[in-house]
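Understanding the architecture of this molecule
Letter by letter, the chains look like this.
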Amino acid sequence: MKRPVIGITPNYAVMDYMGVSQGYPYTPRGYAGSILRAGGIPLTFPFAPDEDILRQLIGLCDGFLFTGGQDVDPAIYGEMPWDKIGATAPLRDIQEKMLLPLIMETGKPVIGHCRGMQMINCVLGGSLYQDLPTQHPSFPNLLNHSQSEKAVFPTHRVDIREGTLLASCYGLTAEVNSFHHQAVRTVAPGLSVTATAPDGMIEGLEMKDYPYLQLVQWHPEEMTPQHEGANRWFAAFIDACR
Ligand SMILES: [Mn+2]
């Protein structure tokens, strides 16, 4: 059976080469491994924020994964950077902001994890907490969303809305990992919440008026193949891309 090709928005990694710090597109291995195991072919995009190039790349792919990584530059939702914002990657932001609407013209499936969920929420008009410990009104009475345990270990619960695609993968409650100091603050028009943590944190979003746009705040790619919910999350996505 033909394997669907999954375009991956790369992380921005800086390495020294010939004495110069240079930025590279980079995909953490869990994403590629999870897509391969689920029956797809992972294709890491280059940084090339040009509409014609991105359209051509989109044409090569059957679905798209927006990955985790750097903080989203708050300029996209009209805020100045807060003191406690982490590292940003302007080239990523520019490219992903161009990419999402071009993908959506095609109706092809999209998933986003962690920053991927946050960025898509921002491109569609939502906003974020730039830093939970210093901006969220409920801190310090929040769960720990920046776990020190390895990513294969879940550390907090999520409650999942009945009848959603997410619930068909994970059931109505699930234990998930958590590596985010930013989080969705206002939900973009067109998106709806599919999962929340017990402290109210938004942990899942979907777009009902789009064939397949599913977003989670955690990292399913680090929980395959041990956790069935994560396996089903990838299987459902790859199925939708066929
Ligand atoms: Mn969390």
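Turning to the pattern of salt bridges, a few remarks are in order. Any two side chains of opposite charge can pair, so long as their charged atoms come close to each other. Under the counting rule described, the total for this entry stands at seven salt bridges. Between Arg242 and Asp239 there is a salt bridge, with the nearest N and O atoms lying 3.7 Å from each other. Given the relative accessible area of 44%, Arg242 is considered partly exposed. Residue classification places Asp239 among the exposed positions, given a relative accessible area of 52%. A network of salt bridges, in which partner residues are shared, links Arg92, Asp93, Glu96 and Arg115.

The terminal C-alpha atoms of helix H3 (residues 90-106) lie 25 Å apart, and with 17 residues this matches the ideal 24 Å at 1.5 Å per residue to within 8%. Arg92, Asp93, Gln95, Glu96, Leu99, Leu100, Leu102 and Ile103 are the residues of H3 that are buried. Those residues of H3 that are buried are in contact with strand E1 (5-9), strand E2 (11-17), helix H2 (51-60), strand E5 (63-66), strand E6 (110-113) and helix H4 (115-123).

Rules behind the numbers
- Residues numbered from 1 in each chain as written.
- Predicted model: local features only at pLDDT ≥ 70, side-chain atom pairs only at ≥ 80, totals over all residues.
- Heavy atoms only, no water.
- Salt bridge = Lys/Arg side-chain N within 4 Å of Asp/Glu carboxyl O.
- Buried < 20%, exposed > 50% of the residue type's maximum accessible area, 1.4 Å probe, protein only.
- Helix = DSSP H or I, 4+ residues; strand = E, 2+ residues; numbered from the N terminus.
- Expected span 1.5 Å × (residues − 1).
- Contact = heavy atoms within 4.5 Å.

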